[in-house]
Amino acid sequence: NLIGEGKGATSTSTPFNGTVIKNIGTKLTIKITGHNAGLQDLTIYDTDNAGAAGGVKIIANNSDVESIILRSVLIFGFTDSFALKLKAKNGGGISYCSFYDLRIRHAKIGIHIDEDESSYVNSNSFYHGAISGGGFNYCFLAEGGNNNVINAMIMEPYTSNKGHFVVKKGEVIGNDIRIEGAQQLSNI
């Protein structure tokens, strides 16, 4: 587990205090591939939206990944990619992960659940998070998975190019989700 000193004094801009992990290149910022890992009390930041390959990727490639916990994490500025991605491929699986107070600002995709035909992303839970800012194609995109639960989450970017909450495949269970787009075009 990587535990910081806090995600900073502000959630609407890059904090100058707390613990900040900056991506200053084009590679993935954090990749999690094993069980029982976690991130807590920190900010993950794409400096100046520099084209990073992503914020946090939990990947199960021909193996299972279980019990990942993210708590009080701000993921900021990934407008060329995703903030958080759960990716299962080649018979892999991601399950029983928990995300508490996940704050995402400015990303192409806020949360992306992605599985191939031989894999699964099931029984993961999101609690009390918020997705806002600009640059979004999607706040939440599910391309697979079952029994993934979202509780009391806010999704309110100014607009999204393809949709705030999109389930192309799979099942998502939601409770008390607030979806708002103050500048959303009516044809999306």
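Computed from a prediction, not measured in an experiment: that's the story for all the values here.

### Some remarks on the overall build of the chain
Consideration 1: A count of helical and extended segments in the chain gives zero helices and 18 strands.
Consideration 2: By the compact-globule yardstick of 16 Å for 188 residues, the chain fits well, its C-alpha radius of gyration being 15 Å.
Consideration 3: If you line up the chain on its principal axes, its C-alpha atoms span 40 × 40 × 30 Å.
Consideration 4: Residue burial in the chain is summarised as follows: out of 188 residues, 49% are buried.
Consideration 5: Long-range contacts, defined here as pairs at least 24 residues apart, represent 80% of the contacts in the chain between residues at least 6 apart.
Consideration 6: Summed over all atoms, the accessible surface of the chain reaches about 8,300 Å², with 45% contributed by carbon and sulfur.
Consideration 7: Distance between charge centroids for the chain: 6 Å, based on 16 positive and 17 negative side chains.

### Things to note about the side chain of Asn 124
Consideration 1: Take Asn 124: it is sitting in the loop between β10 (120–122) and β11 (125–127).
Consideration 2: Accessibility expressed as a relative area gives 0% for Asn 124, which makes it buried.
Consideration 3: Among the polar contacts made by the side chain of Asn 124, one reaches the main-chain carbonyl oxygen of Asn 122 at a distance of 3.2 Å.
Consideration 4: Not counting the four nearest positions on each side in its chain, Asn 124 is found in contact with Leu 86, Ile 94, Ser 95, Tyr 96, Cys 97, Asn 147, Asn 148 and Val 149.

### What to know about the pattern of salt bridges
Consideration 1: With the rule as written, the count across this model stands at six salt bridges.
Consideration 2: Of the charged contacts in the structure, one is a salt bridge between Asp 101 and Lys 7, with a shortest N-O distance of 3.1 Å. Of this pair, Asp 101 sits in strand β9 (residues 98–115) while Lys 7 sits in the loop between β1 (2–3) and β2 (20–23), and the two are 94 residues apart along the sequence.
Consideration 3: The closest approach of N and O atoms between Glu 180 and Arg 178, which form a salt bridge, is 2.2 Å.
Consideration 4: What makes Arg 178 partly exposed here is its relative accessible area of 39%.
Consideration 5: Here the salt bridges do not stand alone but share partners, grouping Lys 85, Lys 87 and Asp 114 into one network.

### Examining the pairing of strand β15 (residues 154–157)
Consideration 1: Residues Met 155 and Pro 157 line the buried face of β15, whereas the alternating positions Ile 154 and Glu 156 sit on a face that is not buried.
Consideration 2: By the bridge criterion, four bridges tie strand β12 (residues 130–133) to β15 in an arrangement that is parallel. What sits directly across from Gly 133, in β15, is Pro 157.
Consideration 3: Note: β15 against strand β18 (residues 178–179), two bridges, orientation parallel. Counted as the bridge partner of Met 155 is Ile 179 from β18.

### Observations concerning the nonpolar core
Consideration 1: One finds Ile 44, Val 56, Leu 70, Ile 75, Leu 84, Ile 104 and Ile 111 to be the most contacted residues of the largest nonpolar core, which totals 37 residues.
Consideration 2: Among the elements of the structure, β3 (28–32), β4 (38–46), β5 (54–61), β7 (69–89), β9 and β13 (136–143) are those that each provide at least two residues to this core.
Consideration 3: Per-element accounting of this core gives the leading share, eight residues, to β7.
Consideration 4: For Ile 75, the residues in contact, after removing those within four places along its chain, are Ile 44, Gly 55, Val 56, Ala 83, Leu 84, Leu 102, Arg 103, Ile 104 and Arg 105.

### Some remarks on unusual backbone geometry
Consideration 1: With a phi close to 60°, Tyr 96 is a non-glycine residue in the positive phi region.
Consideration 2: Considering the arrangement of structural elements, one finds Tyr 96 in the loop between β8 (93–95) and β9.

Definitions and cut-offs
- Residues numbered from 1 in each chain as written.
- Predicted model: local features only at pLDDT ≥ 70, side-chain atom pairs only at ≥ 80, totals over all residues.
- Heavy atoms only, no water.
- Helix = DSSP H or I, 4+ residues; strand = E, 2+ residues; numbered from the N terminus.
- Rg over C-alpha atoms; globule rule 2.2 N^0.38 Å.
- Buried < 20%, exposed > 50% of the residue type's maximum accessible area, 1.4 Å probe, protein only.
- Contact = heavy atoms within 4.5 Å.
- Areas by Shrake-Rupley, 256 points an atom, 1.4 Å probe, with all protein chains shown as cover.
- Lys, Arg positive; Asp, Glu negative; His and termini not counted.
- Charge placed at Lys NZ, Arg CZ, Asp CG, Glu CD.
- Polar contact = N/O pair within 3.5 Å; in protein donor to acceptor, adjacent residues only side chain to side chain.
- Salt bridge = Lys/Arg side-chain N within 4 Å of Asp/Glu carboxyl O.
- Pairing = 2+ DSSP bridges.
- Core = buried A, V, L, I, M, F, W, Y, C linked by side-chain atoms within 4.5 Å.

All we've got here are geometric facts, nothing functional implied.
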